[in-house]
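Observations on chain architecture
The lines below spell out each chain.
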Amino acid sequence: MPELAAHARDVPVNQIREITEAAWHTPGAIVLSIGEPGFALPRHILEAGMACLDRDETNYTPNAGIPALREAFAARFRERTGTSLAAERVYVVDGAQQGLHFAMSLLLSPGDEILIPNPGYPTFAMTSRLLNAVPVGYPLYPEHDFQPRIQDIEALITDRTRVLILNSPSNPLGAVLGEDLTRQLVDLARKRDLWIISDECYEAFTYDVPHVSPARFDSDVPGEARVFTSLTLSKTYGLTGLRIGALVCPPGLEQKMNNVMEAIVSCVASPSQYAALAALTGPQNYVRHAHDHYRANRDAASAVLEAKGIPYLSAQGAFYLWANVSHVSDGDVRSWARRFLADSGVALAPGTAFGSIGEGWVRIALCGTRNDLVEGVGRLPERQD
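Residues numbered from 1 in each chain as written. Predicted model: local features only at pLDDT ≥ 70, side-chain atom pairs only at ≥ 80, totals over all residues. Heavy atoms only, no water.

**Considerations on the sheet that holds strand S9 (residues 312-313)**
Two pairing modes exist for strands in a sheet, parallel and antiparallel, and in both the strands are linked by backbone hydrogen bonds. The four strands lie next to each other as S9-S10-S13-S12, forming an open sheet whose pairing is antiparallel. Single-partner strands in this sheet number two, and they are S9 and strand S12 (349-350). Taken together, the two bridges between S9 and strand S10 (residues 320-324) define a ladder with antiparallel strand orientation. If you follow Leu-313 over to S10, its bridge partner there is Trp-322. (Pairing = 2+ DSSP bridges. Helix = DSSP H or I, 4+ residues; strand = E, 2+ residues; numbered from the N terminus.)

Right under this line is the structure:
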C-alpha cells in the first residue's frame, strides 16, 4: 500500500481527545477535560432546523451561506465590536475548525511560518502542518499572567512568517486580551506585514472585562486590511454538533473566499444554517443563562483550588480554569493525568496538549454541573509548601 503524505503521518495525537475518550470508557468518571456545553437547546432553535427539513429545503445553498444568516452574523458582530461590517464579508462555515482551515488555506504556502500561542489550542499547529506550513509558538509565560509580549512575538518573525494567530478569550487559559495590547498586536502585524487570524470562539463569555476584537483596529481599505475573524455558535449557543460558525474576511477578498469555500466544503448544511439563524435572531436567554452558570462555576472551582493551595490563573473569559499541578505531576503532566483518571475517576486536560509551556498545568472545563465540578476538583491532591 502507498504511504500517506508526510504531513498527514506527522499529525500528533490530540491529548484532549486522548484523555476524554479514556474517561468515556471509565465507569462513573467525572469528565472535566472537554468543553461541551451541557444545557438543552432552546426549542425555537431545534424547530427551525426541523422546519427546514419539513420544507425539504435540502439543496445547495450559496457558498457563503444563506443571506439572512450572513446578515445576522454581521449584525451581531457590528453590535459587539462597534465595526461597520458588511454581510458580504461574512462566510458561513462548518464550525470554527473549518473556518480556521479555510483561513489558513488562503494565507499559507508550503514552508510559510505561522505564529501560534504557546499554550494555545492544539489544532492551530495541527491544521497548519496539514497545509505544509510551519507553526512557531510564541510564549505565554506564567510570570506575565500568560499574556503575550510584543517583544517576544517580534523576535520570532522571519522572512517566512505570514500569519499571527490571536485567541481571546483563550482556550485553554481563560485569559482575555485588553484593548491596549490588542491594538499593539494589530500595529505589529501592520508593521511587519502579517495577516492576523483572530479566534473568537468564546467572545460571548467574559467576566468583568470586555471582549476586544482585533477587527476594531483593522483598516477598512482593501489591500490594507489584514484581520480574519473566526466565530462559532458551538460555544455561544451549545450547537457543537450542528457545526456552524462564520469566518469574517478583510474587504476585497470576497471572490477568492467563494472559490476556496467551493473547493473545501461547497456549503454548510441548510438545517444547521436555519437553526443558527433562529439562535442569532431569537431570544437570548440561553446565552445569559450559560454566562451566569460558567461564571458561578468558575468561582466555585476557584474556591476549591484556593483551599487546597493550588495556584491557578483567574479566568477572565471562556469556560476553563488553568491550574498548576506541578507539585504532583513530576514533570510529565500527560502521564499524571492518565494516572489521576485511573486512581480518582476525574479527567482533566493535560497542559502539554496546548504546548510546551503547559507542562505542569491542567485545563479544567467549567461547563458541566456544579456538583460534578466541585467534586472533581476536590479530588486533586493538596499542595504542601
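**Side note on the side chain of Asn-118**
Turning to its location among the elements, Asn-118 is positioned in strand S3 (residues 113-118). Accessibility expressed as a relative area gives 13% for Asn-118, which makes it buried. Side chain to side chain, Asn-118 and Ser-356 meet in a polar contact 3.0 Å long. Once residues lying within four places of it in the same chain are set aside, the contact partners of Asn-118 are Gly-137, Tyr-138, Pro-139, Leu-140, Phe-354, Gly-355, Ser-356 and Ile-357. (Buried < 20%, exposed > 50% of the residue type's maximum accessible area, 1.4 Å probe, protein only. Polar contact = N/O pair within 3.5 Å; in protein donor to acceptor, adjacent residues only side chain to side chain. Contact = heavy atoms within 4.5 Å.)

**Some remarks on the nonpolar core**
Residues Leu-69, Trp-336, Leu-348, Ile-364, Val-377 and Leu-380 are the most contacted members of the largest nonpolar core, which totals 91 residues. Apart from residues lying up to four places away in sequence, Leu-69 is in contact with Val-92, Ile-244, Gln-273, Ala-276, Leu-277 and Leu-280. One finds Leu-115, Val-136, Ile-153 and Val-227 within the second-largest nonpolar core, a separate group that totals 31 residues. (Core = buried A, V, L, I, M, F, W, Y, C linked by side-chain atoms within 4.5 Å.)

**Quick notes on the sheet that holds strand S2 (residues 90-93)**
Spatial ordering of the open sheet is given by S2-S8-S7-S6-S5-S3-S4, a layout of seven strands whose pairing is mixed. Bordering the open sheet on either side are S2 and strand S4 (134-139), each of which pairs with just one other strand. Mean inter-strand twist for the sheet, computed between neighbouring axes without regard to direction, equals 25°. (Axes fitted to C-alpha atoms, helices over the stretch in contact; angles between N-to-C directions.)

**Notes on the packing of aromatic side chains**
The final tally for this structure, using the stated rule, is 15 aromatic pairs. Taking 5.9 Å as the distance between ring centres and 80° as the angle between the ring planes, the aromatic pair formed by Trp-322 and Phe-354 counts as edge-to-face. Of this pair, Trp-322 sits in strand S10 while Phe-354 sits in the loop between S12 and strand S13 (361-365); the two residues are 32 residues apart in sequence, bridging distant segments of the chain. As far as the burial class goes, Trp-322 and Phe-354 line up, both buried. An aromatic cluster is present here, built from Phe-39, Tyr-202, Phe-205, Tyr-286, Tyr-294, Phe-319 and Tyr-320 joined pairwise through their rings. Here Arg-55 stacks its cationic end above the ring of Tyr-274, 4.9 Å away from the centre of that ring. Across the ring face of Tyr-91, the terminal group of Arg-70 is positioned such that the distance to the ring centre comes to 5.1 Å. (Phe/Tyr/Trp six-rings, centres within 6.5 Å; stacked < 30°, edge-to-face > 60°. Lys NZ or Arg CZ within 6 Å of the ring centre and 35° of its normal.)

What is shown is where atoms sit, not what they do.
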